[in-house]
Amino acid sequence: MTTGSERSLRRKVEEASAPLREAWYYAASSRALRRGHVLSRTMLGEPVLVGRDRDGAVFALRDICPHRGMPLSEGRFDGAEIECCYHGWRFATDGRCTAIPSLVAGQKFDLGQGSVSRYSACETQGNIWVYFGGDPAGAPPVPCLDDFAADAWPGIVETVRFDAAIDHAVVGLMDPAHGPFVHRAWWWRGAHSAHEKAKAFAPSEWGFTMSRHAPSSNSRAYKLLGGSETEIAFRLPSVRIERVEAGRLILCNLTAITPVDERTTEIHHCWYWNAPWLGVLKPLARPFIRAFLNQDGAIMARQQKGLKFDPVLSLIDDADTQARWYYMLKREYRYARAENRPFENPVKPRTLRWRS
């Protein structure tokens, strides 16, 4: 029999592991959403309708008709209004109910009672983001890469779905020690390439940054760029930005993790570069990017076989310090929002050492 204290502990663990709601999450690539079209998404366990009106503006609504629960994505969108396929109720892109065809003269019904919940949505640098909380003013802003204009689009976007909860996906994203065991490949690194590494970290906006350094010598893909330096930043709620500089070449990878539900996440990899000639390499690069992501997805799927038993997990220094920081950042953000005070970054400057 489960005791009251055990149930209380379980509830606290579940609350701590839940996604942050007062945050922006990646919804879709701009390329995936044409004018006058909508996309159906499940994000944070909620049905979301992401659309682009006839003028090009993006919007996001709860993908449920308030009449009989029909997904609005099953209906028709004319670029201005969404029409439910069941009874023809129509909704503006801000969620207002604009018409109920079954009403006749003399029947009174406040159309405002039939409104659909609306989410804040925005679009920048070729990506569409949705906000799930009530007030984005004090939240981490939508990621924007300093080296590229607001209207820049990524040259490559790859999305992979992982069978993993948000916390395990994020920790896996920043884990520095799994490479020699999960990502063995002739084009990346060999089975016996592991060696000791030391990287300097410092707190940064809403997270922490691995300071600029030469890429690992055992990563063959980086050698193709010649003499290069890389900097990697993590920020809440689940964004990793890697910037590689080799002479005048700048290559950036924006990775955003979106929780689908409590057991599933989507990993979105968006690649940007400032050298037009790199575009010709996209057909060659895609298979390697997909293979790399699929290796992570496969190991997380295998991990679930053990996690389903709710084992006590061990985090070690220094290899798991980034994971510790993630949990600390997440906890501090929850407290800061609840107490209506400024967020105080708990990360301190530190050099971490590990073998990988």
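## A look at the packing of helix α2 (residues 166-174) against helix α6 (residues 321-338)
- Running from N to C, α2 and α6 point in directions that differ by 135°, and their axes come no closer than 9 Å. Considering the angle they form, α2 stands oblique to α6. In this structure, the crossing between α2 and α6 has a hand that is right-handed. Contacts between α2 and α6 involve Ile166, Asp167, Val170, Val171 and Met174 from the former and Gln322, Ala323, Tyr326, Tyr327 and Lys330 from the latter.
- In terms of residue class, the contact of α2 with α6 is built from seven nonpolar, one polar and two charged.

## What about the packing of α2 against helix α5 (residues 282-307)?
- Here α2 crosses α5 at 130°, and the two axes come no closer than 12 Å. One element, α2, and the other, α5, form an angle in the oblique class. The element α2 and its partner α5 pack so that their crossing is right-handed. Of the residues in α5, those touching α2 at His168, Ala169 and Gly172 are Met300, Gln303 and Leu307.
- Tallied by class, residues from the contact of α2 with α5 come to three nonpolar, three polar and no charged.

## A closer look at the pairing of strand β16 (residues 249-261)
- Burial analysis of β16 places twelve of its 13 residues in the buried class, which makes it a mostly covered element.
- With eight bridges connecting them, strand β15 (residues 239-246) and β16 associate as antiparallel partners. Following the sheet pairing, Arg243 is matched in β16 by Cys252.
- Here ten bridges tie β16 to strand β17 (residues 264-273), and the two strands are oriented antiparallel to one another. Pairing of Thr258 across the sheet is with Glu266, part of β17.

## With respect to the sheet that holds β15
- Taken in spatial order, the eight strands of this open sheet run β11-β17-β16-β15-β14-β13-β12-β18, and their pairing is antiparallel. Bordering the open sheet on either side are β11 (156-162) and β18 (350-355), each of which pairs with just one other strand. For this sheet, the mean inter-axis angle between neighbouring strands, taken without regard to orientation, is 20°.
- The sheet contact formed by strand β13 (residues 207-213) and strand β14 (residues 229-235) spans five bridges and is antiparallel. The residue of β14 that forms the bridge with His213 is Thr230.
- Strand contacts of α5: β11 and β17, with the helix running at about 20° to β11, the strand carrying the most contacts.

## A closer look at a nonpolar patch on the surface
- Residues Trp277, Val280, Leu281 and Leu284 make up a contiguous nonpolar surface patch of about 450 Å² in total accessible area.
- Turning to its location among the elements, Leu284 is positioned in helix α5.
- The class of Leu284 is exposed, set by a relative accessible area of 56%.

## A word on the environment of Val104
- Counting through the fold element by element, Val104 comes out in the loop between β8 (97-99) and β9 (118-124).
- Judged by its relative accessible area of 48%, Val104 falls in the partly exposed class.

## Re the side chain of Gln322
- Within the secondary structure, Gln322 is located in helix α6.
- Those residues in contact with Gln322 that lie beyond four places of it in its chain are Met174, Pro176, Phe201, Phe208, Leu352 and Trp354.

How each quantity is defined
Residues numbered from 1 in each chain as written. Predicted model: local features only at pLDDT ≥ 70, side-chain atom pairs only at ≥ 80, totals over all residues. Heavy atoms only, no water. Axes fitted to C-alpha atoms, helices over the stretch in contact; angles between N-to-C directions. Helix = DSSP H or I, 4+ residues; strand = E, 2+ residues; numbered from the N terminus. Parallel < 35°, antiparallel > 145°, perpendicular 65-115°, else oblique. Left-handed = near helix turned anticlockwise from the far one by under 90°. Contact = heavy atoms within 4.5 Å. Nonpolar A, V, L, I, M, F, W, Y, C, P; charged D, E, K, R; others polar. Buried < 20%, exposed > 50% of the residue type's maximum accessible area, 1.4 Å probe, protein only. Pairing = 2+ DSSP bridges. Patch = residues over 30% accessible without salt bridge, like charges linked within 9 Å, V, L, I, M, F, W, Y side chains within 5 Å. Areas by Shrake-Rupley, 256 points an atom, 1.4 Å probe, with all protein chains shown as cover. Salt bridge = Lys/Arg side-chain N within 4 Å of Asp/Glu carboxyl O.

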